[in-house]
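Here is how the chains run, residue by residue.
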Amino acid sequence: MNPWQNTNSAADQMHEMLEHDILVIGGGAAGLRAAIAAVQTNPRLNVAIVSKVYPMRSHTVSAEGGAAAVIKSNDSLEEHINDTITGSDWLADQDVVEAFVREAPDELLQLEHWGCPWSREPDGSIAVRPFGGMTIERTWFAADKVGFHLLHTLFQTSLKFESLTRYDEWFATKLLVENGRCQGVSAIELRTGEVRLLLAKAVILCTGGAGRIYPFTTNGAIKTGDGMAMAYRAGVPLKDMEFVQYHPTGLPGTGILITEAARGEGGILVNKDGYRYLQDYGMGPPDPWPRLRAMELGPRDKISQAFVHEMRKGRTIAGPYGDVVHLDVRHLGETKIDTKIPFVRELAHRYAGIDPVHEPIPVRPVVHYMMGGVHTDINGATPIAGLYAAGESACVSINGANRLGSNSLTECLVFGARAGRHAAAFAAHHRSLDRAALAAQARDEAKRVAGLDGTDGGTERIAMLRTEMTRAMEEGTGIYRDEGSLSKACDVLRTLRDRFARIRLDDRTRSFNTELIAALELECMLDVAEAVAHSALARTESRGSHQRTDHPKRDDARFLKHTLAYSTDGAPRIDYLDVVITRWPPAERVYGR
Ligand SMILES: Cc1cc2nc3c(=O)[nH]c(=O)nc-3n(C[C@H](O)[C@H](O)[C@H](O)COP(=O)(O)OP(=O)(O)OC[C@H]3O[C@@H](n4cnc5c(N)ncnc54)[C@H](O)[C@@H]3O)c2cc1C
């Protein structure tokens, strides 16, 4: 018998409603920070974290380079705001960027007080390193294992609060919205395979990004856009989804990231002739080094685009996994490499078989980060009452058309904390829950999940659909796009959606049914991918990471606007929202002069 089809047992499971004041979905940097902020705001609130993996396995753990915040006397809030807005190609909301930059130093100092081992200058003060697109060194780091230390600090701190419960290895499948308020989620407890009902007065989505909609990405396998898809299906628009960040230095084959810190510490990019090609792309002359915000410390979108041009000119190096250029850190010497970027050496050795002390590292651009996400206001609130979002799953928006490296971890902290505080205030004033209606919704969801196995004649295999989706995204919505490539991607994604309705799963077990989870993740990715492709098709201009070869210029008159993609029964509906401009009027985005 197929246990997923036993709807009686699915209904029985609903007897036990688990209830909390706040549910945080996600145990990465944003989720843990949000949960801590919520319990600190109101210790009487009962807060739970639901995470499909053990929190320390969240993608945050793999962050390498650092977190940005103004700390040195040669720096200023104004400069950090300026760099972030310029980096965003003026698509970031300026009131949000101001709040972000203002609150960033306190968040990083708070982590220090919770035990984060930030690297030090010889005099004992916090050390900072240069990072792409930042005019001044302001990136705090803990060698090149920043994500591990940051996440561990948050995780350990979260253990101090008795009113904080965790549901590790629970997979949320649906937001439960009743009477216009989000009042919980349904989730699969992976160990037992049971679909459970979790009720709450407020829900905070911190489910991370969706890089896995592409074939070649730095993102962990769990980054499948689940929270984005859940919010989208519930009626919340996804904002600025066409802006997908390529990081210029991924290892060929695996997509494993070689952090920007390698260039921050002095690494250079050269083509097959050993030539520092970025000087040909408006990124300034190579010397004197370091020239911040120029050459190898330019923004990620422009450096990734320069790679494509070098490849077209035949100046890249052919390799078994496509063309590469070389990231050369040899001149830094073994001591500096081992002190400042030891993980770079380890990764290059393990995954490219070379020792960067003696050889250059082969690299190519790789999908890294989603600038877009769940539409929120400055406090993480979405248009649905009681539903909040923060971190990479949200678009608040500080990143606009291109994120600066090291702003994301800080964003998770600043806006995770804001969302936690505001959800706590909301939960304290909205105590009622529509229990019967929510139980009915969760029962329907249990039936839907049970029906996914395709025992009624399904034939499509999820691995095949996933491969076709990632190929369509790479071919149609890559570093350069045009109307033809985007329309084709939209068409392919539509047929994949139809085919998804006819999938067949082989695994009939309940406990840790990874095939079922992969199917649910694929369904989320198809939603997110469609939002990306349609948003990109509608934006007939080039800005930041969104480069249309058929519309190569930025068009502020028509597109100084956020894209909002709404879910419908057919193609996404696209709408626009004005960007908040306060003190920094749009200007030409210049680097290297
Ligand atoms: C290799 C790499 C290096 C990076 N380096 C840097 C850096 O140096 N500096 C910087 O600023 N940024 C960096 N970034 C970006 C930054 O790390 C991420 O944007 C950030 O960590 C995202 O944190 P998050 O809390 O939003 O999500 P994540 O850390 O991805 O956590 C998501 C959480 O959601 C949970 N979840 C997801 N779906 C479900 C579901 N359906 N049900 C239940 N739980 C779910 C997961 O279990 C997980 O706990 C890097 C990214 C990568 C990939």
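Note that the structure is a prediction, hence the values are computed from the model and not measured.

**Notes on the side chain of Lys 223**
Within the fold, Lys 223 resides in the loop between β11 (202-205) and α6 (226-233). Residue classification places Lys 223 among the buried residues on the basis of a relative accessible area of 4%. Looking at Lys 223, its side chain comes within polar contact range of the side chain of Glu 392, at 2.7 Å. Apart from the residues lying within four places of it in its own chain, the contact partners of Lys 223 are His 59, Gly 209, Ala 210, Gly 211, Arg 212 and Glu 392.

**What about the domain arrangement of the protein?**
Considered domain by domain, the protein is made up of domain 1 (16-243 + 371-440), domain 2 (247-366) and domain 3 (450-569). For domain 2 versus domain 3, the distance between C-alpha centres works out to 30 Å. If you look at the interface, domain 2 gives 6 residues, while domain 3 gives 5 residues. For the pairing of domain 2 and domain 3, the buried interface totals around 480 Å² over both sides, and the portion due to carbon and sulfur atoms is 63%. On the domain 2 side of the contact with domain 3, Asp 301, Gln 305 and Val 308 bury the most area, a combined 67% of that side's loss. Inspection of the domain 2/domain 3 interface yields 0 salt bridges.

**Overview of the pattern of salt bridges**
The final tally for this structure, using the stated rule, is 55 salt bridges. One salt bridge in this structure joins Glu 112 and Arg 120, with 2.6 Å as the shortest N-O distance. Judged by its relative accessible area of 40%, Arg 120 falls in the partly exposed class. Three or more residues are tied together by salt bridges with common partners; here these are Asp 89, Glu 242, Asp 301, Arg 539, Glu 541, Arg 543, Arg 554, Asp 556 and Arg 589.

**Description of the sheet that holds strand β18 (residues 387-389)**
Strand order in the open sheet formed by 5 strands is β7-β3-β2-β11-β18, and the pairing between neighbours is parallel. Looking along the sheet, the strands with just one partner apiece sit at the ends: β7 (164-168) and β18. This sheet shows a mean twist of 20 degrees between the axes of neighbouring strands, independent of strand direction. Along the sheet face, helix α2 (residues 29-41) touches β2 (22-25), β3 (47-51), β7 and β11 and points at about 170 degrees away from the line of β3.

**With respect to the packing of helix α13 (residues 462-476) against helix α15 (residues 514-538)**
Between α13 and α15, the shortest axis-to-axis distance is 10 Å and the interhelical angle comes to 25 degrees. Taken together, the axes of α13 and α15 are roughly parallel relative to one another. Where α13 crosses over α15, the two elements pack in a sense that is left-handed. Across the interface between the two elements, Ile 462, Leu 465, Arg 466, Met 469 and Met 473 of α13 pack against Glu 515, Ala 518, Ala 519, Leu 522, Met 525, Leu 526, Ala 529 and Val 532 of α15. Its residues assigned to classes, the contact of α13 with α15 comprises 11 nonpolar, no polar and 2 charged.

**Concerning helix α8 (residues 300-312)**
Between the first and last C-alpha of α8 there are 19 Å, a value that for 13 residues agrees with the 18 Å anticipated at 1.5 Å per step. Of all the residues in α8, the buried ones are Arg 300, Asp 301, Ile 303, Ser 304, Gln 305, Ala 306, Phe 307, Val 308 and Glu 310. Just downstream of α8, Gly 314 is the residue with a positive phi angle, here 75 degrees.

**Things to note about the site of the ligand**
Inspection of the region around the ligand gives 38 residues, with Ser 51, Ser 58, His 59, Thr 60 and Glu 392 positioned closest. At 2.8 Å from an oxygen atom of the ligand is found a main-chain nitrogen or oxygen belonging to Gly 65. Between the ligand and the protein, one listed contact pairs a nitrogen atom with a side-chain N or O atom of Asp 226 at 2.8 Å. The set of elements that each furnish at least two residues to the shell around the ligand consists of α2, β3, β8 (170-178), β16 (361-370) and α11 (407-429). Examining the composition of the shell around the ligand, we find that 4 residues originate from one element, α11, more than from any other. Classifying every residue of the shell around the ligand gives 14 nonpolar, 19 polar and 5 charged.

**Here we look at the environment of Pro 252**
Residue position: Pro 252 is located in the loop between β13 (244-250) and α7 (261-264). Distance from Pro 252 to Arg 57, taken between C-alpha atoms, is 23 Å for residues 195 residues apart in sequence. Sequence-distant contacts of Pro 252, defined by excluding residues within four places in its chain, comprise Phe 216, Tyr 321, Val 324, Pro 362, Val 363 and Arg 364.

**Things to note about unusual backbone geometry**
For the bond from Val 396 to Ser 397, the omega torsion is 0 degrees, close enough to zero to count as cis. Positionally, Ser 397 belongs in the loop between β19 (394-395) and α11. At Glu 169, a residue that is not glycine, the phi angle is positive and equals roughly 60 degrees. Looking at where Glu 169 falls in the secondary structure, it is placed in the loop between β7 and β8. Despite not being glycine, Asn 179 has its phi angle at roughly 55 degrees, a positive value. Checked against the element boundaries, Asn 179 lands in the loop between β8 and β9 (181-189). For Asn 179, a relative accessible area of 65% gives the class exposed.

What counts, and where the lines are drawn
Residues numbered from 1 in each chain as written. Predicted model: local features only at pLDDT ≥ 70, side-chain atom pairs only at ≥ 80, totals over all residues. Heavy atoms only, no water. Helix = DSSP H or I, 4+ residues; strand = E, 2+ residues; numbered from the N terminus. Buried < 20%, exposed > 50% of the residue type's maximum accessible area, 1.4 Å probe, protein only. Polar contact = N/O pair within 3.5 Å; in protein donor to acceptor, adjacent residues only side chain to side chain. Contact = heavy atoms within 4.5 Å. Domains from an automatic or database assignment. Buried area = accessible area lost by both parts, 1.4 Å probe. Salt bridge = Lys/Arg side-chain N within 4 Å of Asp/Glu carboxyl O. Pairing = 2+ DSSP bridges. Axes fitted to C-alpha atoms, helices over the stretch in contact; angles between N-to-C directions. Parallel < 35°, antiparallel > 145°, perpendicular 65-115°, else oblique. Left-handed = near helix turned anticlockwise from the far one by under 90°. Nonpolar A, V, L, I, M, F, W, Y, C, P; charged D, E, K, R; others polar. Expected span 1.5 Å × (residues − 1). Near = heavy atom within 4 Å.

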